[in-house]
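Read off the chains here:
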Amino acid sequence: MSHDHSFFGWALFEYLTLLALSLAAAGYVAGLWVHRARGRWPIHRTILWYTGLFCAGAGLVGPLADAARTSFSAHMVGHLLLSMIAPLCLVLSAPVTLALRVLPVPEARALSRVLRTALVRGLTHPVIAVVLNAGGLWALYTTDLYQLMHTSVWLHALVHAHVILAGYLFTVAIVGIDPNPHRSSFPLRASALIGFLTVHSILAKWLYGHPPVGVESADARIGAQIMYYGGDAVDVTLIIVFCAQWYTATRPRGTPQPNTQASR
């Protein structure tokens, strides 16, 4: 066993992961504390933020993450948590909106300038986001990368960082609710979403019959089914959110919201 794959290496990775998650949790609490003077922050957004952090943590640290180093099916459960469920929860918790509301004016303006940069525009473009997300998954499972990342804790960390960041950028591109000066049209986002769903499903079917290097066939079939059916469950939620946003954005002005008409 290499030194990089030693207990010390994994322990350091887990410590840094927990530290990052703790800082994210504390940062949101700090934002809520400052925001209290400006009014109430929607409770469902707070719940979504911490649910997202919990899902990310479960996919990176703990029993499931330990099992995922030797079990492809356990790895695939972690994949769903880390690349699909956690990003959806985190995006819908509107962290950038909260930050813009509570940061001092100079820092808020600096953040706004960052959001308008060409880099952010490119990374949150639906087509590029699909390529980063789906392309990364194909590279992981159809090359030697899946086997190699289990020989190096830091390659393991790099791969998982890409997985969650790519999932986050894709979710922002499709259903992001934070301010986005470069938001694409609904038809383009719908096309990108359909493309991703198709590629993701094809990859799951491919893995059913073509296991990654070093993965037993039986374990690969279970993992592929988790990816296919579990991914479909998350995708349905994503589709519902997207359609609700599209309906809200295109509803004629003056159309009453359901169950919100004031009694006369």
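About the criteria used
- Residues numbered from 1 in each chain as written.
- Predicted model: local features only at pLDDT ≥ 70, side-chain atom pairs only at ≥ 80, totals over all residues.
- Heavy atoms only, no water.
- Helix = DSSP H or I, 4+ residues; strand = E, 2+ residues; numbered from the N terminus.
- Rg over C-alpha atoms; globule rule 2.2 N^0.38 Å.
- Buried < 20%, exposed > 50% of the residue type's maximum accessible area, 1.4 Å probe, protein only.
- Contact = heavy atoms within 4.5 Å.
- Areas by Shrake-Rupley, 256 points an atom, 1.4 Å probe, with all protein chains shown as cover.
- Core = buried A, V, L, I, M, F, W, Y, C linked by side-chain atoms within 4.5 Å.
- Salt bridge = Lys/Arg side-chain N within 4 Å of Asp/Glu carboxyl O.
- Axes fitted to C-alpha atoms, helices over the stretch in contact; angles between N-to-C directions.
- Parallel < 35°, antiparallel > 145°, perpendicular 65-115°, else oblique.
- Nonpolar A, V, L, I, M, F, W, Y, C, P; charged D, E, K, R; others polar.
- Patch = residues over 30% accessible without salt bridge, like charges linked within 9 Å, V, L, I, M, F, W, Y side chains within 5 Å.
- pLDDT = per-residue confidence, 0-100.
- Phe/Tyr/Trp six-rings, centres within 6.5 Å; stacked < 30°, edge-to-face > 60°.
- Lys NZ or Arg CZ within 6 Å of the ring centre and 35° of its normal.

Asker: Tell me about the overall build of the protein chain, residues and numbers included.
Answerer: Along its length, the protein chain carries twelve helices and zero strands. Ordered by position from the N terminus, the helices and strands of the protein chain form the series α-α-α-α-α-α-α-α-α-α-α-α. Relative to a compact globule of 264 residues, whose C-alpha radius of gyration would be 18 Å, the protein chain shows 20 Å and is just as compact. Each principal axis of the C-alpha atoms in the protein chain carries an extent, and together these give about 70 × 40 × 35 Å. Expressed as a percentage of its 264 residues, the buried residues of the protein chain come to 43%. If you take every contact in the protein chain between residues at least 6 apart in sequence, the share linking residues at least 24 apart comes to 78%. Just so you have it, the protein chain exposes about 14100 Å², and 68% of that area is on carbon and sulfur atoms.

Asker: Account for the nonpolar core, naming residues and giving values.
Answerer: Formed by 37 residues in total, the largest nonpolar core has its most connected members in Phe 72, Tyr 141, Tyr 146 and Leu 207. Of all the secondary structure elements, the ones that give two or more residues to this core are helix H1 (7-35), helix H2 (43-60), helix H4 (72-92), helix H5 (95-102), helix H8 (126-142), helix H10 (153-175), helix H11 (186-209) and helix H12 (217-250). Leave out the neighbours within four places in its chain, and Leu 207 touches Phe 72, Met 76, Tyr 141, Pro 212, Ala 220, Ala 224 and Met 227. The next biggest cluster of nonpolar side chains, apart from the first, holds 18 residues, and it includes Ile 174, Phe 196, Leu 197 and Val 241.

Asker: Describe the side chain of Thr 46, naming the residues involved and giving the relevant values.
Answerer: Mapping Thr 46 onto the fold places it in helix H2. When neighbours within four sequence positions are excluded, Thr 46 is seen to be in contact with Tyr 28, Leu 32 and Trp 41.

Asker: Please provide a residue-by-residue account of the pattern of salt bridges, values included.
Answerer: This structure, assessed with the given rule, holds two salt bridges. For the salt bridge of Arg 69 with Glu 14, the shortest nitrogen-to-oxygen distance reads 3.2 Å. Of this pair, Arg 69 sits in the loop between helix H3 (63-68) and H4 while Glu 14 sits in helix H1, placing them 55 residues apart in sequence. The partly exposed category is assigned to Glu 14, whose relative accessible area is 21%. The residue Arg 69 makes a salt bridge to Asp 66 at a minimum N-O spacing of 3.4 Å. Residues participating in the shared-partner salt-bridge network are Glu 14, Asp 66 and Arg 69.

Asker: Just give me the short version of unusual backbone geometry, but keep the residues and values in it.
Answerer: Here Ala 94, not a glycine, exhibits a phi torsion of approximately 55 degrees, which is positive. The residue Ala 94 is located in the loop between H4 and H5 in this model.

Asker: Now, about the packing of H4 against H8: what can you tell me, with residues and values included?
Answerer: At their nearest, the axes of H4 and H8 sit 14 Å apart, and the two run at 170 degrees to each other. As judged from the angle between their axes, H4 and H8 are roughly antiparallel. Contacts from Phe 72, His 75, Met 76 and His 79 in H4 reach Leu 137, Leu 140 and Tyr 141 in H8. Among the residues forming the contact of H4 with H8, the class breakdown is five nonpolar, two polar and no charged.

Asker: Can you break down a nonpolar patch on the surface residue by residue, with the values?
Answerer: Residues Tyr 15, Leu 16, Leu 19, Leu 23 and Trp 154 make up a contiguous nonpolar surface patch of roughly 510 Å² in combined accessible area. When residues of the nonpolar patch are assigned to their parent elements, the largest contribution, four residues, is made by H1. The residue Leu 16 is located in helix H1 in this model. A relative accessible area of 39% places Leu 16 in the partly exposed class.

Asker: Before we move on, can you summarise the confidence of the model for the protein chain with the specific residues and values?
Answerer: Any segment with low pLDDT has predicted coordinates that should not be analysed in fine detail. Across the protein chain, pLDDT averages 90, with 93% of residues at or above 70. In the predicted structure, residues 260-264 sits below a pLDDT of 50 and forms one contact with residues beyond four places in sequence or in another chain.

Asker: How would you explain the packing of aromatic side chains if you had to name every residue and give the values?
Answerer: Under the definition given, this model contains eleven aromatic pairs. Following the ring pairs from residue to residue traces out a cluster consisting of Tyr 28, Trp 49 and Tyr 50. Taking NZ or CZ as reference, Arg 45 lies 5.0 Å from the ring centre of Trp 41, over its face. For the cation-ring pair, Arg 69 lies above Trp 10, with the distance from its terminal atom to the ring centre recorded as 3.8 Å.

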